[in-house]
Amino acid sequence: MDFFGAQAQARRLTLWLVVLLLVAVVGMVVATVLVVTLAVALLEGGQPGADPLGLAFDPLLLGGVTLGVLAVVVAGSLARHLQLRAGGAAVAEALGGRPINADTRDPDERRLLNVVEEMAIASGLPVPLVYVLEESGINAFAAGHTPQDAAIGVTRGAIESLSRDELQGVVAHEFSHVLHGDMRLNMRLIALLYGILVIGLVGRMLLRGTATRRMVRGSRQNNAQIVLLGAGLALMLVGFIGTLCGNLIKAAVSRQREFLADASAVQYTRNPAGLADALKRVAAHAQGSELRASQAEEFSHLYFSRGVSGLRGLTATHPPLVTRIRRLEPEWDGKLPEPRQASPGVAQQEPEATAATATGSSAFLATGGELSQRVGEPRDTDLQGARGTLAEIDPRLLQAVHEPYAARAVIYGILMGADPESRTRQREALVDAAMPEVLAELDRLDQSLRSVRPGQRLALIELCLPMLRQLSVAQYARLHECLERLMAAEHRPGALQWALHRLVTVGSQGVTSSRGRRLSLAQVGDAVELLLSSLARAGSDDQERARAAFDRALGRLDMALTLRPEPASPQALDAALARCRQLTDVERARMLDAMLDCVMHDGQVAPEEAELLRAVAWALECPLPLTLN
């Protein structure tokens, strides 16, 4: 499935999910109203002259109970949403996960980080935070509201039991959930289901309170306590029914998305055996994929494989392992592998990037066609290219991106201008703003940073993002001030410098969700004109060549636009990008294809043009793979 189609399907599923859950909530409200009104009627019915039936159907009581139930459900959902507002990190920590240090010396953890980083660079996504769950079962998950706050969690059993190819298949499966909108859908589902669960929790609290009173009062039990006890049991039953309905909905949605993620993982890696063997390892493992964390059931629909033993049949969040394996290997004979014996402290050998792969990885390969068809759809050539790109980068920089101070120094060095005058002025601008430790790292890495070639800058920025996202509020404010000073001290800030700055900001801080009515290209014509003019001029300073590139893009859009004679300011480009983010999916796809036509007008794509194209596409929430061929 293509990126835009998958995103649209995820939105439709979200809508249906909300509708079905609302139906479940309405049913729970009706049941709860009946329980509470019956309890009140029984409590008051023993009074002289009381009218139990009238009390049970009192409009004020019915309305109050209805509003109360809705308030409890909404408050519960909202509270859970706020608890998870940090994104994937909140889910990982709720499951007992530990973030893997970027400079870890554990060979298994280092191998996992390498696989995640390669997949992120290949797919054009920011590198997510990676957590390890100290669980012996083989499982993994992806969680978060956006790619910028995503986290990948993998169990200790998985990283010790799976080969590199198998681990890559699992990670590719989880990246599919990120790319296709499943991750956001799953996070919303968690909050909605928690609101329903609160009803049952209220009943449990009522039941516990009533039982405590009975123990205290002893023989002074009265009819009111019996009624409250019954109401507590009834509310628990209502909560159980609501949770069951929610789990049925969750399971139906999750099972279909798991099949899509399996198919996408094979497309990304071109290695169905890797994912199939990983599923076989799960089936052969003594503990399978079961997780023992106290909140494992709440997040069951996030996992790579079934993580909770109690969810079976219609409530199973994942298809049977045998079904998934046979879809990948139709000729499978049913045999399972012997459990792999992991050697503590010994990592499996990492594949080496060949010279051909490394050479080709620095260039952005494109042969025309529909760029929109490759959005969010990495292939095995992209993975090879990512591995080759990492092999070409100075090892000192690869080490630096995993260290807190050095990662910021790498960002500053990449964003500095190319001409010596700008670099000198920008270095001076950082003296009063940057931390002394960061400045020291910037000086130490100066020679390595000057040797960074086009095609490597995006990869280095992506590798730095996990460290930037862990900065404190004060540290991030200082980082933002330094970025502003670098841009202000740039002699001639071009579109590429703006795009790289934008990548750092979006990747570390995230993007504000575009709300309101979706727009067409005609409605944002000025913004499209500005972005295409900047892209056309990025490939060459020659006005005629820039005009030819611009006209080529117009042929795709069929719009009456004019090439801007002067470079746009960073502020104007920010405003134009914000407008274009409001485009519909169809119009965004047309915009991306026009952008490719613009840079491909002369039959080739310069590395600078490629970086600008990928950076703008990323800011438009359309991750482009590393290579297009």
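Residues numbered from 1 in each chain as written. Predicted model: local features only at pLDDT ≥ 70, side-chain atom pairs only at ≥ 80, totals over all residues. Heavy atoms only, no water.

Enquirer: I would appreciate a short explanation of the overall build of the chain in the present structure.
Expert: A count of helical and extended segments in the chain gives 26 helices and 4 strands. In the chain, which comprises 629 residues, the proportion classed as buried is 54%. In the chain, 79% of the contacts between residues at least 6 apart in sequence involve partners at least 24 apart. Working note: accessible area of the chain is about 26,900 Å², and carbon and sulfur atoms make up 57% of it. (Helix = DSSP H or I, 4+ residues; strand = E, 2+ residues; numbered from the N terminus. Buried < 20%, exposed > 50% of the residue type's maximum accessible area, 1.4 Å probe, protein only. Contact = heavy atoms within 4.5 Å. Areas by Shrake-Rupley, 256 points an atom, 1.4 Å probe, with all protein chains shown as cover.)

Enquirer: In this structure, what is going on with the packing of helix α15 (residues 404–415) against helix α20 (residues 473–488)? I would like to understand it.
Expert: The relative placement of two packed helices comes down to the angle between their axes together with the axis-to-axis distance. Close contact between α15 and α20 brings their axes to 10 Å; oriented N to C, the two are set at 15°. On the basis of the axis angle, α15 is roughly parallel to α20. Seen from above, α15 lies across α20 with right-handed handedness. From α15, Arg 408, Ile 411, Tyr 412 and Leu 415 reach across to α20, where they touch Gln 475, Arg 478, Leu 479, Cys 482, Leu 483 and Leu 486. Split by residue class, the contact of α15 with α20 holds 7 nonpolar, 1 polar and 2 charged. (Axes fitted to C-alpha atoms, helices over the stretch in contact; angles between N-to-C directions. Parallel < 35°, antiparallel > 145°, perpendicular 65-115°, else oblique. Left-handed = near helix turned anticlockwise from the far one by under 90°. Nonpolar A, V, L, I, M, F, W, Y, C, P; charged D, E, K, R; others polar.)

Enquirer: Mind showing me how you'd approach the nonpolar core here?
Expert: Across soluble globular proteins, you tend to see nonpolar side chains buried next to one another. Residues Leu 112, Val 410, Ile 411, Tyr 412, Leu 430 and Val 528 are the most contacted members of the largest nonpolar core, which totals 139 residues. No other element matches helix α19 (residues 457–468), which puts 9 residues into this core. In this view, Val 528 contacts Leu 521, Leu 557, Leu 561, Cys 580 and Met 591; residues no more than four positions away in its chain are not counted. Counting residues in each nonpolar core, the second largest holds 21 residues, with Val 91, Leu 133, Leu 291 and Tyr 303 among its members. (Core = buried A, V, L, I, M, F, W, Y, C linked by side-chain atoms within 4.5 Å.)

Enquirer: For this particular structure, what's the right way to read the pairing of strand β4 (residues 151–155)?
Expert: Looking down a regular strand, the side chains alternate between one sheet face and the other. Counting buried positions along β4 gives 5 out of 5 residues, so the element sits mostly inside the fold. Here β4 shows a buried face lined by Ala 151, Gly 153 and Thr 155 and a second buried face lined by Ile 152 and Val 154. With 5 bridges connecting them, strand β2 (residues 129–133) and β4 associate as parallel partners. Directly across from Leu 129, in β4, lies its bridge partner Ala 151. Judged from the 4 bridges that link them, strand β3 (residues 140–143) and β4 form a sheet pairing that is antiparallel. Bridging from a neighbouring strand, Ala 143 pairs with Ala 151 of β4. (Pairing = 2+ DSSP bridges.)

Enquirer: Looking at this structure, how should I read the pattern of salt bridges?
Expert: Once their charged atoms are close, side chains differing in charge can pair, the charge on each being opposite to the other. Inspection of the entire model under this criterion finds 27 salt bridges. Arg 98 is the partner of Glu 134 in a salt bridge, and the nearest nitrogen-oxygen pair spans 3.6 Å. Here the residue Glu 134 occupies a position in the loop between β2 and β3, and Arg 98 occupies one in strand β1 (residues 98–99), the gap between them amounting to 36 residues. Judged by relative accessible area, which is 32%, Arg 98 ranks as partly exposed. One salt bridge in this structure joins Arg 257 and Asp 182, with 2.5 Å as the shortest N-O distance. One end of the pair, Arg 257, is in helix α9 (residues 223–269); the other, Asp 182, is in helix α8 (residues 182–217), with 75 residues separating them in the sequence. One continuous salt-bridge network, built from bridges that share partners, spans Arg 98, Asp 106, Glu 109, Glu 134 and Arg 156. (Salt bridge = Lys/Arg side-chain N within 4 Å of Asp/Glu carboxyl O.)

Enquirer: What exactly am I supposed to notice about the side chain of Glu 174 here?
Expert: Along the chain, Glu 174 falls in helix α7 (residues 164–179). In this structure, Glu 174 is in contact with Ala 140, Phe 141, Ala 142, Ile 152, Leu 302, Tyr 303 and Phe 304, ignoring residues within four places of it in sequence.

Enquirer: I keep staring at empty space enclosed by the protein and nothing clicks. Help me out?
Expert: Picture a little ball the size of a water molecule; that probe, rolled over the atoms, points out where space is still empty. Counted under the stated rule, the structure contains 5 cavities of 30 Å³ or more. Of the pockets and cavities examined, the second largest cavity occupies roughly 80 Å³. In terms of lining residues, the second largest cavity is bounded by Ala 495, Trp 498, Leu 531, Leu 532, Ser 534, Leu 535, Leu 573, Met 591, Met 595, Leu 612 and Val 616. Elements with a contribution of two residues or more to the lining of the second largest cavity: α21 (495–509), α22 (525–538), α25 (585–599) and α26 (607–619). (1 Å grid on protein atoms, 1.4 Å probe; cavity = no way out; pocket = protein on both sides within 12 Å on 5 of 7 lines; lining within 4 Å. Points joined across faces, edges and corners; volume = space filled by probe spheres on them.)

Enquirer: Help me understand α15 in this model?
Expert: Note that an α-helix has 3.6 residues per turn; residues three or four places apart therefore point the same way. In this model, α15 (12 residues) spans 18 Å end to end at C-alpha, consistent with the 16 Å of a helix rising 1.5 Å per residue. Among the 12 residues in α15, 10 count as buried, and that is most of the element. The complete set of buried residues in α15 reads Ala 406, Ala 407, Arg 408, Ala 409, Val 410, Ile 411, Tyr 412, Gly 413, Ile 414 and Leu 415. (Expected span 1.5 Å × (residues − 1).)

Enquirer: Just checking my understanding: could you explain the packing of aromatic side chains for this structure?
Expert: Each aromatic ring pair is specified by the distance between its two centres and by the angle formed by the two planes. Applying the stated criterion across every chain yields a total of 0 aromatic pairs. The ring of Phe 304 has Arg 324 sitting right over it, with the charged end atom 5.1 Å from the ring centre. (Phe/Tyr/Trp six-rings, centres within 6.5 Å; stacked < 30°, edge-to-face > 60°. Lys NZ or Arg CZ within 6 Å of the ring centre and 35° of its normal.)

Enquirer: Teacher, can you tell me more about the packing of α20 against α21 here?
Expert: Contact pair α20 / α21: the axes reach a minimum separation of 11 Å and the direction vectors enclose 170°. Comparing their axes, α21 and α20 come out roughly antiparallel. Contact with α20, carried on its side by Tyr 476, Leu 483, Leu 486 and Met 487, involves Gln 497, Trp 498, His 501, Val 504, Thr 505, Ser 508 and Gln 509 of α21 and no other residues of that element. Looking at the contact of α20 with α21, its residues break down into 6 nonpolar, 5 polar and no charged.

Enquirer: Quick question: what am I supposed to make of the sheet that holds β3 here?
Expert: In a beta sheet, neighbouring strands are held together by backbone hydrogen bonds and run either parallel or antiparallel to one another. Here we have 4 strands laid out as an open sheet, ordered β1-β2-β4-β3, and mixed in their pairing. Of all strands in the sheet, those with a lone pairing partner are β1 and β3, marking the two edges. Alignment of β1 against β2, held across 2 bridges, turns out to be antiparallel. Counted as the bridge partner of Pro 99 is Tyr 131 from β2. Here α7 sits on the sheet and contacts β3 and β4; the angle it forms with β3, its principal contact strand, is near 25°.

Enquirer: Honestly, the pairing of β2 in this entry has me stumped. Any pointers?
Expert: Counting buried positions along β2 yields 5 of 5 residues, so the element is predominantly enclosed. Burial along β2 is two-sided: the residues Leu 129, Tyr 131 and Leu 133 and Val 130 and Val 132 are all buried.

Enquirer: Could you clarify how one ought to interpret unusual backbone geometry in this entry?
Expert: Most of the time, phi is negative for any residue but glycine, and the peptide bond is trans. For Arg 270, which is not glycine, the phi dihedral falls at a positive 55°. On the secondary structure map, Arg 270 appears in the loop between α9 and α10 (272–284). Classification of Arg 270 as partly exposed rests on a relative accessible area of 46%. Its identity is not glycine, yet Asp 558 carries a phi of approximately 55°, on the positive side. As for its placement among the helices and strands, Asp 558 is situated in the loop between α23 (543–557) and α24 (570–580). Judged by its relative accessible area of 70%, Asp 558 falls in the exposed class.

As far as function goes, none of this settles anything; it's purely spatial.
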